Amino acid sequence: MIMVKASGTFALYSLLCRHAKFSLLPNQQAADEELSTYYRNGQTARNVVSSPLKRFLEKHKKMRTCLLLIVLFGACMVIGDGVLTPAISVLSSISGLQVRARNLNDGAVVIIACVVLVGLFALQHRGTQKVAFLFAPVVIIWLLCIGVLGLYNIIHWNPAVYQALSPVYIYKFFRRTGKDGWISLGGILLCITGTEAMFADLGHFTDASIRVAFVGFIYPCLVLQYMGQAAFISKNFSYLPISFYESIPNPVFWPLFVVATLAAIVASQAVISATFSIVKQCHALGCFPRVKIVHTSRWIYGQIYIPEINWILMVLCLAVTIGFRDTTLIGNAYGIACITVMFVTTWLMALVIIFVWQKSVIYALLFLICFGSLEAFYLSSSVMKVAQGGWVPLVLSFVFMFVMYVWHYGTRRKYLFDLQNKVSMKWILTLGPSLGIVRVPGIGLIYSELVTGVPAIFSHFVTNLPAFHQVLVFVCVKSVPVPFVPPEERYLIGRIGPRTYRMYRCIVRYGYKDVPKDEDNFENQLVMSIAEFIQMEAEDSGSASYDSSLDGRMAVIRTSEASCSRLVMREANENSNDYSTTIRSSKSETLQSLQSLYEQESPGLTRRRQVRFELPQQVQCDTQVRDELLALIEAKNTGVAYVMGHSYIKARKTSSFLKKFVIDVAYSFLRKNCRGPAVALNIPHISLIEVGMIYYV
């Protein structure tokens with residue numbers, strides 16, 4: 001359930017950002033809309049109709065900010081579910097021991113539940129792939145058990161309970177109970193969320209399989225169980241707090257208790273993994289501080305583990321379990337979190353109907369009236385239980401939402417500062433091909449968040465150091481509002497300035513569900529992509545180059561191994577052939593020995609492929625193209641340096657008190673306590689050059 005809610009919230013928001021300019025970060029490009037996964041069913045930007053409501057929302061920044069806050073609130077409620085679900089699942093299953101062990105008090109049950117929770121979170125770093133094959137059998141056995149148990153209770157205690165399926169009893173119930181019946185809807189939410197959980201856990205399959213499994217198996221088992229509980233309670237009202245375990249016949253109690261405990265662990269594991277996923281997606285969209293993301297499986301896509309989030313969840317779960325010690329209070333909190341996410345998703349779906357499906361506003365209103373009113377009815381009932389434990393998800397959500405929005409706000413202000421202080425291309429052209437400094441052999445990768453222009457860090461570097469690399473590549477790693485970006489469409493390559501400047505731009509695009517692989521050799525792919533661009537540029541423009549475009553034109557470079565690049569990439573230990581033009585490394589023996597020593601001490605670097613590039617002599621190409629390719633090969637064989645800005649962001653003196661607090665205190669605290677950008681991008685420490693800059697935003 002949590003996985004679908006989390007992905008659903010961000011999937012709907014990304015759909016809206018694709019079809020309208022709702023994103024607050026102005027790094028969108030026209031080339032992003034050419035991605036094969038950007039529009040559905042072959043739709044293009046030309047087919048998107050601009051409505052008055054769309055123009056109104058795009059024009060008013062406050063409305064777009066409100067939309068982002070709503071999405072973040074829904075995502076934070078999902079994280080709140082990640083705290084509450086393990087607590088209520090494990091505590092409720094362990095409480096079944098009191099049915100057979102009468103002398104076991106509530107304190108002992110809480111201690112046992114805490115031990116199970118600590119063990120569950122302590123094993124998260126090992127990943128779920130080793131035990132995932134047990135999940136489906138456990139859930140199937142659990143459903144069969146509760147279905148058979150429900151049928152037994154119906155037959156044994158009250159066969160006439162089947163009459164409760166009639167909708168007439170809904171009217172009779174509210175007529176008799178009135179306000180008390182309306183308040184009781186908050187407890188019924190647990191039945192709804194349980195049903196949704198069984199339905200949503202099948203979300204990795206096709207629509208037809210979901211419908212068949214839910215209608216033919218899951219729903220009947222759940223209905224039989226709830227009817228069985230009603231039949232048992234109608235004859236044993238004194239056992240209401242522990243009615244489920246009391247309704248189990250003695251011969252099958254312990255086997256069913258074991259299955260219930262395993263099912264609770266499976267549900268908790270699914271929610272914890274889903275919380276890791278939602279945090280990763282928030283980070284991809286620039287709404288969460290940088291955290292360590294560990295890939296726990298080499299074969300199963302998307303299996304991740306985030307240590308910081310894992311221990312935060314464990315501490316919060318233990319606090320909720322020890323603080324409440326009652327599944328009823330935790331259930332109140334859980335119900336509010338679930339219905340809030342449903343309500344947010346419904347409103348986002350209404351916007352999708354208007355802007356993505358391009359239907360009339362009337363259809364969206366009908367959808368809201370049909371589903372939104374029903375959810376609002378349940379939500380209003382849940383609000384009555386805020387004082388009875390329901391405040392927990394609200395507090396957690398506001399804390400996480402504050403962290404997310406502060407990080408997004410600081411990131412956006414930093415990007416706008418870079419955008420407003422870009423280096424003038426006219427200034428670069430006046431420096432000449434040497435840029436007014438000594439050009440040393442090698443490739444310099446200058447990381448920036450800008451997708452156009454030259455960042456201010458470049459001029460800061462040039463004015464403080466007397467030399468720069470022979471080949472300069474401005475690298476931007478950005479996230480686009482699509483789930484996945486095909487690998488062959490990931491790289492956008494362009495040129496900055498004339499050919500003789502040897503300056504290029506590379507934009508690496510990822511979707512919010514993409515998982516960058518650590519073992520990918522980015523340097524080799526980058527060199528092959530630039531070489532492919534140089535040849536493509538010469539073929540498309542003939543004798544004329546792209547020099548007429550000062551900031552360069554961008555082109556999608558296919559990075560598959562079947563690329564038609566004329567460069568030859570060989571393993572470093574292979575002997576070079578006589579017919580190839582090979583450029584030897586210009587590093588001194590001292591630098592080479594230092595690098596080999598560092599690689600021996602850093603096992604992570606030894607996994608990188610050591611390759612060299614060659615340009616076969618029989619390749620027929622233009623003289624300028626050949627010279628540029630040879631210069632690129634020489635620079636790569638010399639070495640690659642990574643240049644990043646170590647920024648210090650401060651609010652201007654004329655800023656308001658609130659902005660100074662957000663930037664100078666909150667955002668500064670998050671930046672100091674999260675992972676650095678070099679670590680997050682897996683940049684080798686030995687090749688890193690950091691340039692300090694102060695941003696006054």
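Residues numbered from 1 in each chain as written. Predicted model: local features only at pLDDT ≥ 70, side-chain atom pairs only at ≥ 80, totals over all residues. Heavy atoms only, no water.

**Considerations on the overall build of the protein**
In terms of helices and strands, the protein carries 23 helices and 12 strands. The buried share among the 697 residues of the protein stands at 49%. Contacts in the protein between residues far apart in sequence, at least 24 positions, make up 82% of those at least 6 positions apart. Accessible surface computed for the protein: about 33700 Å², of which carbon and sulfur atoms make up 63%. (Helix = DSSP H or I, 4+ residues; strand = E, 2+ residues; numbered from the N terminus. Buried < 20%, exposed > 50% of the residue type's maximum accessible area, 1.4 Å probe, protein only. Contact = heavy atoms within 4.5 Å. Areas by Shrake-Rupley, 256 points an atom, 1.4 Å probe, with all protein chains shown as cover.)

**Quick notes on the sheet that holds strand β5 (residues 491-495)**
The strand order across the open sheet formed by seven strands is β7-β5-β6-β4-β3-β11-β12, and the pairing between neighbours is mixed. Each edge of the sheet is formed by a strand with only one pairing partner; in this case those strands are β7 (554-557) and β12 (688-696). Here the strands of the sheet are splayed against their neighbours by 30° on average, with no regard to which way each runs. Here strand β11 (residues 640-650) runs beside β12; their pairing, made up of nine bridges, is parallel. Its bridge partner being in β12, glycine 645 is matched across the sheet by valine 691. (Pairing = 2+ DSSP bridges. Axes fitted to C-alpha atoms, helices over the stretch in contact; angles between N-to-C directions.)

**Section: the packing of helix α11 (residues 253-284) against helix α12 (residues 307-324)**
One way to put it is that α11 packs onto α12 with a least axis distance of 10 Å and a crossing angle of 130°. In terms of their interaxial angle, α11 and α12 are classed as oblique. Seen from above, α11 lies across α12 with right-handed handedness. On α12, the residues touching Ile272, Thr275, Phe276 and Val279 of α11 are Ile309, Asn310 and Leu313. A class-by-class count of the residues in the contact of α11 with α12 yields five nonpolar, two polar and no charged. (Parallel < 35°, antiparallel > 145°, perpendicular 65-115°, else oblique. Left-handed = near helix turned anticlockwise from the far one by under 90°. Nonpolar A, V, L, I, M, F, W, Y, C, P; charged D, E, K, R; others polar.)

**What to know about the side chain of lysine 385**
Its location among the elements puts lysine 385 in the loop between α14 (361-383) and α15 (386-420). It is aspartate 180 that comes nearest to the buried, bridge-free lysine 385 among opposite-charge side chains, at 11 Å. Setting aside anything within four residues of it in sequence, one finds lysine 385 in contact with Ile183, Gly186, Gly187, Asn332, Ile336 and Gly390. (Lys, Arg positive; Asp, Glu negative; His and termini not counted. Salt bridge = Lys/Arg side-chain N within 4 Å of Asp/Glu carboxyl O.)

**Describing unusual backbone geometry**
One non-glycine residue with positive phi stands out, namely glutamine 358, at about 55°. Within the secondary structure, glutamine 358 is located in the loop between α13 (327-355) and α14. A relative accessible area of 30% places glutamine 358 in the partly exposed class. Positive phi, normally seen in glycine, also occurs at arginine 502, with a value near 55°. Structurally, arginine 502 is set in the loop between β5 and β6 (503-511).

**Some points on the nonpolar core**
In this structure, Leu16, Phe22, Tyr245, Val279, Val320 and Ile330 are the most contacted members of the largest nonpolar core, which totals 94 residues. No other element matches helix α3 (residues 61-94), which puts 17 residues into this core. What valine 320 contacts, discounting residues up to four positions off in sequence, is Val83, Leu84, Ala87, Arg325, Ile330 and Val392. (Core = buried A, V, L, I, M, F, W, Y, C linked by side-chain atoms within 4.5 Å.)

**Structural notes on the packing of aromatic side chains**
Summed over all chains, the structure comprises 25 aromatic pairs. Consider the rings of tryptophan 407 and tyrosine 667, whose centres lie 5.3 Å apart with planes at 40°: the pair is tilted. Of this pair, tryptophan 407 sits in helix α15 while tyrosine 667 is found in helix α22 (residues 657-673), placing the two residues 260 residues apart along the sequence. An identical accessibility class is assigned to tryptophan 407 and tyrosine 667; each is buried. (Phe/Tyr/Trp six-rings, centres within 6.5 Å; stacked < 30°, edge-to-face > 60°.)

**Structural notes on a nonpolar patch on the surface**
On the surface, Leu53, Phe56, Met63, Val361, Ile362, Leu365, Leu366 and Ile369 cluster together into a nonpolar patch covering about 730 Å² of accessible area. The greatest single-element share of the nonpolar patch, amounting to five residues, is contributed by α14. With respect to the helices and strands, isoleucine 362 occurs in helix α14. (Patch = residues over 30% accessible without salt bridge, like charges linked within 9 Å, V, L, I, M, F, W, Y side chains within 5 Å.)

**Observations regarding the pairing of β11**
Pairing analysis gives four bridges linking strand β3 (residues 438-447) to β11, with the strands arranged parallel. Bridged to leucine 445 within β11 is tyrosine 642.

**So, the pairing of β3**
Direction of pairing for β3 relative to strand β4 (residues 467-480): parallel, over a ladder of eight bridges. Bridging across to β4, leucine 445 finds its partner in valine 473.

In short, the description is geometric, and any link to function would need to be established separately.
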